Each structure stands twice: as C-alpha cells, then as structure tokens.
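Given next are the chains, with one letter for each unit.
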Amino acid sequence: MELGPYLMLATLEGSVTAAVLALTAVGLSLVFGVMRVVNIAHGEFFMLGAVIAYVLTRAISGHPALGFAVALVVAPLLVGALAVVADMTILKRLDYDPERTIVATIGLLYIIQQLTLMSYGPDARPVEAPFNTRLALPWFEWGENGLAMYWPWGLSTTSYKLAVIGAAVLLLCGIWAMMARTRIGLVMRATQADRDMAQAFGIPVEKVYAMVFGIGAGLAAMAAVLIVPIQQAHYLMGADPLLLSFIVVIIGGLGSLPGTVVAAILIGLSDGIISVFFSPTLAKILATLLVGLVLVFRPQGLFGTRGA
C-alpha cells in the first residue's frame, strides 16, 4: 500500500483524538476564561465520566445502545453536579484565589482518584460500543484510464469512530451557540469580562461560577463517555487528557474557545499521524516542544490577547 491510504487512516484516527480532546479542553478553557481558575482536577472529572459510563452500561441490561444512551446523559450530569458541589464547598470558600485554588484542585484530584480506586478497583475495564460496524475505506488514484477508485486491503474504520467525530462537532456547535446566542452565554461573557461590574449589575457571579465549573466538568465527562468504548475505563486515565488539555489551552490562548478548538484539531491530528508512523511518545514530545515555542514567542497563545 502506498503512503496516501496510510495517511488517510492516520488522519481519521487523529480526528477521533482531536474531537474528544476539543470537548475536554473547551471545558478547561471555559473554566479558566470565566473563573480564572486552573482546574488541576479536570482530568479526574474525565475519568469519572468513563467509570460512571462503565457502571451504568453494566447495570442496564438489554442492547448495549440503551445503557450507553443512559450513560451519555447521566454521567455528565452526575459529574457536573459533583463539580458544582466542589465549587460551592471548596473554591467559593477560597474566594477563587488563583494560588489556593490550584492547591485545592490538586487535593480534589487525589481524593477523587483514591475514592475511585477503593470503589471501582485498579483494573481497566471495557465498555461495549452501541454500534461498531467495520467500514472499508476507498482510495482514489490516477491510473492509465484516469481517476480510479479501489479498496486497499486493511484500510477501514468503524461506524462508532465516525459517530464520535460527528457528536463532538454537534456538541461544540451547541457550546458556541450557547455562548454567542443565549442569555446564559451573555451572562457568562459579562462575568468573564469584568466580575465586579457584572456583580454591580445584579449578576449572581458565584452562581455563574458554580454553573461554569459544572459545565466544564460535564464536558470532560461527556468526552470520556464518547471515548471509553474505544479505550477502557481506568482510575488513572485522567492524566493524559489533563496534560493534553493544558497543552491545547496554552497553544490556543487561555480562555479562547475558538483557539482551543483549533489547537485541539492541530494536536489531535498530529498525535494521530505521528503515533501511526512513529510513536505516541514522540507525539507527546513534539506537543510539549510546541508549547515551549508558543510560550517563548507568543505567550498569549495563537488566539489569545495580551490582556487575557
């Protein structure tokens, strides 16, 4: 097989990574943009979404799609509610001080991780996909008779992976519509722009913060539910999403949702392509190197502003 079909397959795999990463990183970026809180426990909210999805799909009998559909709704709501409680009982009492909230979310990380280990166990466990049809992929090339299509052996993907990409695109469009077209988005943007002025105009800033923290955690849990049929639910699975989300947010620009999505696509595609042709370790090294270059030459990120 020529290089082209392999490249297309690697791009598809990278698109799945980019889709899930964009959802996770947008949640992190939203929390930082509105609250100015660096949430170190964001990866554990991702992990909780996967674990809850496993528990729910095992508890609900019948077709795998039924349990998965329930998990897709319930897991983000449960994780989002937990984040709201954490905000009201911990972050609010710290007055959202940047330094103290970092320490607090580190503590929250270890609490969630150890409680999950005690209740769920150390084993990685799979979740059955609601559908998983193998789809052969065509390739086009110029031959003696012009453009011709053929089906290279082994060039295929699954219907579920394509569905993950589509679902992530729909969710990201929904987030954009919420931020740009709704009153909730207007309130969130006003709070982000000037907390004191928003409070002076009667906006309940603390309630907005709790809502934003819950939405950010819910997005991470949603991303985990989407990816767990491809990966496996494990109590340590939050580390990689957290690292990659920070890389994406730094590259895209702190608090910039469009920059976060663009950076997620860039990192996700490069991770998929480099992992297929070289190694996943090299992909992580290059992503970290890119962060260093951005911090040196454009500290505000690709889409950020110096005032952010």
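Quick note: structure is the one above.
Residues numbered from 1 in each chain as written. Predicted model: local features only at pLDDT ≥ 70, side-chain atom pairs only at ≥ 80, totals over all residues. Heavy atoms only, no water.

Colleague: Give me the packing of aromatic side chains: which residues, what numbers.
Modeller: Evaluation of the coordinates by the stated rule reveals 5 aromatic pairs. For the pair F45 and F213, a centre-to-centre distance of 6.0 Å together with 85 degrees between the ring planes defines the contact as edge-to-face. You can see F45 sitting in helix α2 (residues 42-59) and its partner F213 sitting in helix α8 (residues 205-227), a full 168 residues away along the chain. Here Y54 and Y120 contribute two aromatic rings whose centre-to-centre distance is 5.7 Å and whose plane-to-plane angle is 85 degrees, an arrangement assigned as edge-to-face. Taken together, the residues span a long stretch of sequence, with Y54 in helix α2 and Y120 in helix α4 (residues 98-120) at a distance of 66 residues. For the pair shown, Y54 and Y120 are each scored as buried. Among the aromatic residues, those joined into a cluster by ring pairs are F68, F131 and Y160. (Phe/Tyr/Trp six-rings, centres within 6.5 Å; stacked < 30°, edge-to-face > 60°. Helix = DSSP H or I, 4+ residues; strand = E, 2+ residues; numbered from the N terminus. Buried < 20%, exposed > 50% of the residue type's maximum accessible area, 1.4 Å probe, protein only.)

Colleague: Break down the nonpolar core for me, citing the residues and quoting the values.
Modeller: Within the largest apolar cluster, 84 residues are counted, with the highest numbers of intra-cluster contacts made by L23, M35, F45, F46, V212, F213 and I267. The element that contributes the greatest number of residues to this core is α8, accounting for 14 residues. With residues up to four places along the chain from it excluded, the contact list for L23 reads A168, L171, L172, I175, L219, A223 and L226. (Core = buried A, V, L, I, M, F, W, Y, C linked by side-chain atoms within 4.5 Å. Contact = heavy atoms within 4.5 Å.)

Colleague: Pulling in residues and values, what's your account of the environment of E99?
Modeller: By the secondary structure assignment, E99 is in helix α4. As a C-alpha pair, E99 and V37 span 62 residues in sequence and 8.9 Å in three-dimensional space.

Colleague: Give a detailed account of α4, specifying residues and quantitative values.
Modeller: For α4, built from 23 residues, the straight-helix expectation of 33 Å at 1.5 Å per residue is met to within 8% by its first-to-last C-alpha distance of 32 Å. Considered for burial, the residues of α4 that qualify are T101, A104, T105, L108, L109, I112, Q113, T116 and Y120. Looking at the packing, one finds that the buried side of α4 touches α2, α3 (64-91) and α9 (239-252). One or two steps after α4, the chain reaches G121, where phi turns positive at roughly 100 degrees. (Expected span 1.5 Å × (residues − 1).)

Colleague: With reference to specific residues and values, describe the environment of T157.
Modeller: Looking at the secondary structure, you find T157 in strand β4 (residues 156-158). On the basis of relative accessibility, which here comes to 3%, the residue T157 falls in the buried class. Separated by 24 residues in sequence, T157 and T133 place their C-alpha atoms 8.5 Å apart. Every residue in contact with T157, bar those within four places of it in the chain, is listed here: L12, T133, R134, L135, L137 and L162.

Colleague: Help me get a handle on the packing of helix α1 (residues 3-35) against α8, residues and values and all.
Modeller: Put simply, α1 and α8 touch, their axes get as near as 9 Å, and they point 170 degrees apart. Classified by the angle between their axes, α1 and α8 sit roughly antiparallel to one another. Where α1 approaches α8, its residues V16, V20, L23, T24, V26, G27, L30, V31, V34 and M35 are matched on the opposing element by V208, Y209, V212, F213, I215, G216, L219, A220, A223, L226 and I227. Of the residues in the contact of α1 with α8, the class split is 18 nonpolar, 3 polar and no charged. (Axes fitted to C-alpha atoms, helices over the stretch in contact; angles between N-to-C directions. Parallel < 35°, antiparallel > 145°, perpendicular 65-115°, else oblique. Nonpolar A, V, L, I, M, F, W, Y, C, P; charged D, E, K, R; others polar.)

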